[in-house]
Amino acid sequence: VITGSGDVSVSIDISGLSPSTTYYYRVFAQNSAGTTRGSELSFTTYGVTAPVVTTGSATNVTTNSVTLNGTVNASGQSTTIWFKYGTTSGSLSNTSSTQVITGSGDVSVSIDISGLSPSTTYYYRVFAQNSAGTTLGSEMSFTTYGVTAPTALTGSVTNVTSNSATLHGTVNATGQSTTI
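Figured I'd write up the structure that's included with this text. Along every chain, residues carry numbers that run from 1 in the direction the sequence is written. The model is predicted, so local features are restricted to residues of pLDDT at least 70 and side-chain atom pairs to those at 80 or more, both for listing and for counting; the totals for chains, interfaces and linings are taken over all residues. Heavy atoms from the whole structure form the basis of all side-chain values; hydrogens and water molecules are not counted.

## A look at the overall build of the chain
The line we're drawing: Comment: elements are numbered from the N terminus, with helices defined as DSSP H or I runs of at least four residues and strands as E runs of at least two. The rule is simple: take the accessible area with a 1.4 Å probe, protein chains only, and divide by the maximum for that residue type; under 20% is buried, over 50% is exposed, in between is partly exposed. By definition in these notes, contact holds between two residues if any of their heavy atoms fall within 4.5 Å. All accessible areas in this document rest on Shrake-Rupley with a 1.4 Å probe, and a residue is counted as covered only by the protein chains that are shown. The sign given to each residue is positive for Lys and Arg and negative for Asp and Glu; His and the chain ends receive no count. We put the charge of a Lys on NZ, of an Arg on CZ, of an Asp on CG and of a Glu on CD.
Within the chain one finds 0 helices and 15 strands. Across its three principal directions, the C-alpha atoms of the chain cover 115 × 45 × 15 Å. For the chain, with 180 residues in total, the buried portion stands at 23%. Within the chain, residue pairs in contact and separated by at least 24 positions form 54% of the contacts whose partners lie at least 6 positions apart. When the accessible surface of the chain is totalled, it reaches about 12100 Å², and 49% of it is carbon and sulfur. Taking the 4 positively charged and 6 negatively charged side chains of the chain as two groups, their mean positions are separated by 12 Å.

Now the structure itself:
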């Protein structure tokens, strides 16, 4: 409702529209003297586009775990991201947990994977899905580290008494649970 005798700009926000759809509209004004309508105009809503993805390099590689990385542009939609991985190129039989992102800029995503086998080459790629479809990144690979024996260096002795001593040394567990 407005009052006054000059031109007044009016606007009303609407939502719940369908993507890639043409809508027609016109303004109506009514008072005690009658109803007037403006000319009919149209607009088309933007279409929903599939996410854009890039598979990134694997990081934090150990004998049995890795962090898989990628970049996703959700194209303004709620988008679910996951990685598929496996030991055969082109046949990625394992699926990671998922993440959900929104927005229209590039977002870095990463998911930790564990339970891998030592000294094994794995192939992986990022997947992203929104209401427009599923997009997958290029396939990449990494190799888990092999299991190696710990290294041990005997050090000095301190606090020597008639019935005790403190023995020192240095041990590298090489990423494994190691008893010393």
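From this point, the discussion proceeds with the structure in view.
## Some words on the environment of Leu-68
Inspection of the secondary structure puts Leu-68 in strand β6 (residues 65-73). Leu-68 sits in the buried class, given a relative accessible area of 1%. Between the C-alpha atoms of Leu-68 and Thr-170, which are 102 residues apart in sequence, the distance is 33 Å. Those residues within four positions of Leu-68 in sequence are excluded, and the remaining contacts are Ala-58, Phe-83, Val-109, Ser-110, Ile-111, Ile-113, Tyr-124 and Phe-142.

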